[in-house]
Amino acid sequence: MSFDTLGLSTDVLRAISESGYTTPTPIQEKAIPYVLMGRDVLGVAQTGTGKTAGFTLPMIDILSSGRGRARMPRSLILEPTRELATQVAESFNKYGKYSGLSMALLIGGESMRDQQLILQRGVDVLIATPGRLLDLFERGQILLADTKLLVIDEADRMLDMGFIPDIERIVAMLPTIRQTLFFSATMAPEIRKLADKFLLNPKEISVAPPASPAKTVTQRLLRCEAEAKTKRAALRALLQQEDDDTKSALIFCNRKRDVTIVQRSLKRHGLDAEALHGDMAQASRTETLARFKAGDIRLLVCSDVAARGLDIPAVSHVYNYDVPIHAEDYVHRIGRTGRAGRSGKAFTLFTPEDGKALAGVQELIGGVIEELTLDTVETPDSDAYSTDKRRRTRAKSGKSSKAEASPAKQQPAKAPESQREEQRPSAQARKSSKRPPQREREEAEAAPEGNGPFGDHIPAFILRPVPLTASA
DNA sequence: TGAACCA
């Protein structure tokens, strides 16, 4: 199968072959002819399947005749994050270079004036995140009356993030006679309802995920104390252990402030890490992501802004510094690695407090994730979560056998609430006493405790190889 | 207990 039989123009085919592609992916093969035909398409596909080119390639040809009038874009693509929108714009640039289309990328965090100027000149392709699009619309900078081709990408994520009311407002401004392409990684009933609302007699296309992450990604858990300092030490230990195999790694935190803290901590310990989250200036978001993609940055500490959709082929490792609150986010995060047939590794730190979230993850993936056994931590049922006790037992715990860490006994928070509280006296003290503000404290803790990446102690487990053969 | 989407 090659691209020539799909009905694409020679201009587009030339750009494709110059990019080095010869064979369409299943979604491209199935979707492109229908898009060219003018049909609505309901595509169930994840990123990594070639979905983006599946709609950009035929769109380029559909739009290559005619020209956009001032403030009246001819097509609109909605994306949930700025990074994804940028990725789509890059696809248009790459494949549309012989087709002479004009394009505007409307995302927040960037100068509105530049975007307005481009809009006034008239564009064929508008790629936008909902917030900025509505903002510009309210300022009278955009008329969607001539937008006859609409793409709603990552619909499931739009739903999760509460964008659907925005999307509905936007779609209501488009002509009812139009072509709509609707993509989602899943087809939950709510998504199906949305699709029914936006699409007319769509051609349904569904492709299997490239390979389920369970097959290509080696997943492991690492039990940890809840204390941030300990988590950071554990993370460093893992990073060190995996260093030789690491092409590049994403380190996910649940909170933006922790992204900053962890990144600074790694840096102070001599590891070259950068940060990415939604509160950063757009310029550094763009630059950091570009450098990470280029292999310039090896370790990227990030929020869930990077969890979905981003296509970064060389990510060899994903670390979950926190167990994600929603189980689906786990799947998206680890899906950043093991892409395109490569193998990947995903490590998740969990604490006694993560019992519920972790159970949710394992339920969703339909299996138990194997736990790494560390000499620094006792067996699951023990009272290993007191810092003091850990210090005392660490030296002698060489026999912490893997056999004891039976997979069936993964849930850490078995101890009654009162007992756990007792084991962690600092938890109470933290709430009541006059300590410095949380942030200062964390940043102070983020400093190295000694020399080298591990401070003044090296967890014993990093000194011996950890078997990573069996798969969950 | 978050994060993502105009300022």
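Residues numbered from 1 in each chain as written. Chains lettered and ligands numbered in written order. Predicted model: local features only at pLDDT ≥ 70, side-chain atom pairs only at ≥ 80, totals over all residues. Heavy atoms only, no water.

Chain A appears in an unreviewed UniProt entry as DEAD/DEAH box helicase from Aquibaculum arenosum. UniProt lists a comment for chain A under the heading Sequence similarities (unreviewed entry), and it reads "Belongs to the DEAD box helicase family." (UniProt positions renumbered as here; feature names shortened; annotations may be inferred.)

Asks: Tell me about the nonpolar core, and please be specific about residues and values.
Replies: Counting 33 residues, the largest nonpolar core has L57 and I77 as its most contacted members. Breaking this core down by element, the ones donating at least two residues are α1 (10–18), α2 (26–37), α3 (51–63), α4 (82–95), β4 (125–128), β5 (149–152) and β6 (179–184). A per-element tally of this core places α3 first, with six residues. Filtering out sequence-adjacent residues up to four positions away, L57 remains in contact with F3, L8, V12, I16, I32 and Y95. (Core = buried A, V, L, I, M, F, W, Y, C linked by side-chain atoms within 4.5 Å. Buried < 20%, exposed > 50% of the residue type's maximum accessible area, 1.4 Å probe, protein only. Helix = DSSP H or I, 4+ residues; strand = E, 2+ residues; numbered from the N terminus. Contact = heavy atoms within 4.5 Å.)

Asks: Help me get a handle on the UniProt feature "domain: DEAD-box RNA helicase Q" (unreviewed entry) in chain A, residues and values and all.
Replies: Under the UniProt annotation, "domain: DEAD-box RNA helicase Q" (unreviewed entry) lies at residues 1–29. Within the segment residues 1–29, helix and strand shares are 45% and 0% respectively, and the terminal C-alpha atoms sit 9 Å apart.

Asks: Before we move on, can you summarise the environment of L250 with the specific residues and values?
Replies: If you trace the backbone, L250 turns up in strand β9 (residues 248–252). The sequence separation of L250 and H317 amounts to 67 residues, and the corresponding C-alpha distance is 6.5 Å. When near neighbours in sequence (up to four residues on either side) are disregarded, L250 contacts F292, L300, C302, V315, H317, V318, Y319 and R336.

Asks: Could you give me a rundown of the sheet that holds β4, with the residues and numbers involved?
Replies: Pairing is parallel across the open sheet formed by seven strands, whose spatial order is β3-β4-β2-β5-β6-β1-β7. Unpaired on one side and paired on the other, β3 (103–106) and β7 (203–206) mark the two borders of the sheet. Put simply, the sheet's adjacent strands are angled 10 degrees from each other on average, direction ignored. In this sheet, β4 lies alongside β3 in parallel orientation, the contact comprising four bridges. Note that in β4 the partner of L106 across the bridge is A128. Along the sheet, helix α5 (residues 112–121) makes contact with β3 and β4, crossing β3 at roughly 150 degrees. (Pairing = 2+ DSSP bridges. Axes fitted to C-alpha atoms, helices over the stretch in contact; angles between N-to-C directions.)

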